[in-house]
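Inside the fold
Listed here are the chains, written in short residue letters.
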Amino acid sequence: MIRVSAFRWVPPFAQGLVRELRVRWALEEAGIPYEDLLIGPEHQRTPEYREMQPFGQVPAYDEDGLVMFESGAIVLHIAERSEVLMPTDPVGRARTQTWMFAALSSIEPHIQNLSMIDIFHTNEEWAKLRRPGAVAMVQQRLQELATCLGDREYLEGRFTAGDLLMSTVLRILRSTDILEQFPTLAAYRTRCEARPAFERALAAQLAPFAANAPPAANAAPPA
Ligand SMILES: N[C@@H](CCC(=O)N[C@@H](CS)C(=O)NCC(=O)O)C(=O)O
């Protein structure tokens, strides 16, 4: 049985964004069963967990002894087994993989940069000075992505693992109004997230958080 590591609980700002969501979603699209390996901070530094994920992060993936980390690599591995995620013809496969890398290396770093400023450094002077430039870079990339998408439903016309990764990257912007400045991309994200496999994946990520919320988190709801 495939096991996917996931956090037992994360603060509200991260709920629904933890990157094992991508792996859950891919497995749901492919119709492959899996189980959770729920971890907490006490597991992240253990040698056992570091053997699965060298940086102590989530997700790690164990498929009957085949251990993988990096959400993009894991999604690609799953996509190899499912035409829902990746066409079987060489051109379709290459195009899918191109968009997967684009999501993770051309778009995500800029969105993640802005997210780090907003979540962890919001009141620091350097962050206030840096933020407009970080926003401008995200807007530039989104404009370019919107041009590529055009009036198509998905980046290659049909849904692929490229859309799966791209929409989870765009999702990181949920605490800003930046995506809404690009209506076709906002609609694209909504279209991707309307897929039943995404809904099942999201519900599976969120379920342990409700059960494992620390008392302090219950006492102080997010502002
Ligand atoms: N490039 C990695 C990033 C993984 C990552 O950033 N995981 C976060 C959760 S979304 C994490 O485990 N953070 C806790 C930590 O870094 O200690 C991937 O895509 O799998």
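The rules behind the values
- Residues numbered from 1 in each chain as written.
- Predicted model: local features only at pLDDT ≥ 70, side-chain atom pairs only at ≥ 80, totals over all residues.
- Heavy atoms only, no water.
- Helix = DSSP H or I, 4+ residues; strand = E, 2+ residues; numbered from the N terminus.
- Buried < 20%, exposed > 50% of the residue type's maximum accessible area, 1.4 Å probe, protein only.
- Contact = heavy atoms within 4.5 Å.
- Phe/Tyr/Trp six-rings, centres within 6.5 Å; stacked < 30°, edge-to-face > 60°.
- Lys NZ or Arg CZ within 6 Å of the ring centre and 35° of its normal.
- Domains from an automatic or database assignment.
- Buried area = accessible area lost by both parts, 1.4 Å probe.
- Salt bridge = Lys/Arg side-chain N within 4 Å of Asp/Glu carboxyl O.
- Polar contact = N/O pair within 3.5 Å; in protein donor to acceptor, adjacent residues only side chain to side chain.
- Near = heavy atom within 4 Å.
- Areas by Shrake-Rupley, 256 points an atom, 1.4 Å probe, with all protein chains shown as cover.
- 1 Å grid on protein atoms, 1.4 Å probe; cavity = no way out; pocket = protein on both sides within 12 Å on 5 of 7 lines; lining within 4 Å.
- Sits in = over half its atoms within 2 Å of the grid points.
- Nonpolar A, V, L, I, M, F, W, Y, C, P; charged D, E, K, R; others polar.
- Pairing = 2+ DSSP bridges.
- Axes fitted to C-alpha atoms, helices over the stretch in contact; angles between N-to-C directions.

**Considerations on the overall build of the protein chain**
Counting its regular elements, the protein chain contains 10 helices and four strands. Dimensions of the protein chain along its principal axes, counting C-alpha atoms only, are 50 × 45 × 30 Å. Buried positions account for 44% of the 223 residues belonging to the protein chain. Counting only contacts in the protein chain whose residues sit at least 6 apart along the sequence, the fraction spanning at least 24 positions is 70%.

**Some thoughts on the packing of aromatic side chains**
Applying the stated criterion to the full structure yields five aromatic pairs. Aromatic side chains Trp25 and Phe198 sit 4.9 Å apart centroid to centroid with 70° between the ring planes, which places their arrangement in the edge-to-face category. Of this pair, Trp25 sits in helix α1 (residues 20–30) while Phe198 sits in helix α9 (residues 196–212); the two residues are 173 residues apart in sequence, bridging distant segments of the chain. The class for Phe198 is buried, based on a relative accessible area of 3%. Ring centres 5.5 Å apart and planes at 75° place the aromatic pair Tyr154 and Phe159 in the edge-to-face group. One Lys or Arg, Arg195, reaches over the ring of Phe159 and ends 3.7 Å from the middle of that ring.

**Things to note about the domain arrangement of the protein chain**
Looking at the assigned domains, one finds that the protein chain contains domain 1 (2–83 + 197–219) and domain 2 (90–195). Contact residues are listed per partner, giving 22 residues for domain 1 and 23 residues for domain 2. When domain 1 packs against domain 2, close to 1,800 Å² is buried across both sides, 59% of that on carbon and sulfur atoms. Together, Leu17, Arg22 and Trp25 form the three largest contributors to the area buried by domain 1 at its contact with domain 2, with a combined 32%. The interface formed by domain 1 and domain 2 includes four salt bridges. Close ionic contact of Glu108 with Arg22 constitutes a salt bridge, the shortest N to O distance being 2.7 Å. The interface formed by domain 1 and domain 2 includes 13 residue pairs in polar contact (both at pLDDT 80 or more). Elements with a minimum of two residues in the side of domain 1 that touches domain 2: α1, α4 (71–79) and α9. It is α1 that contributes the most residues to the side of domain 1 that touches domain 2, five residues altogether.

**Examining helix α7 (residues 161–171)**
Where burial is concerned, most of α7 is hidden: 11 out of the 11 residues are buried. Among the structural elements, α1, α4, α5 (90–120), α6 (125–149), α8 (183–193) and α9 are those in contact with the buried residues of α7. N-capping of α7 is provided by Thr160, with a side-chain oxygen placed 3.0 Å from the backbone N of Gly162.

**Quick notes on the site of the ligand**
In the neighbourhood of the ligand, the contacting residues comprise Phe7, Val18, Arg19, Arg22, Gln44, Gln57, Val58, Pro59, Glu70 and Ser71. Gln44 places a side-chain nitrogen or oxygen 3.0 Å from an oxygen atom of the ligand. A distance of 2.7 Å separates a nitrogen atom of the ligand from a polar atom in the side chain of Glu70. Taken by itself the ligand offers 510 Å² of open surface, and the protein chains cover 70% of this. Judged by the fraction of its atoms near the pocket grid, the ligand is located in the largest pocket. Taken together, the residues that form the shell around the ligand break down as four nonpolar, three polar and three charged.

**Remarks on the sheet that holds strand β1 (residues 2–7)**
The four strands lie next to each other as β2-β1-β3-β4, forming an open sheet whose pairing is mixed. One side of each edge strand has no neighbouring strand; the edge strands of this open sheet are β2 (34–39) and β4 (66–69). On average, each strand axis in the sheet is tilted by 25° relative to the strand beside it, whichever way the strands run. In terms of strand pairing, strand β3 (residues 60–63) meets β4 through four bridges, oriented antiparallel. Residue pairing for β4: Asp62 is matched across the bridge by Val67. Contacting β3 and β4, α4 crosses the sheet at an angle of about 130° to β4.

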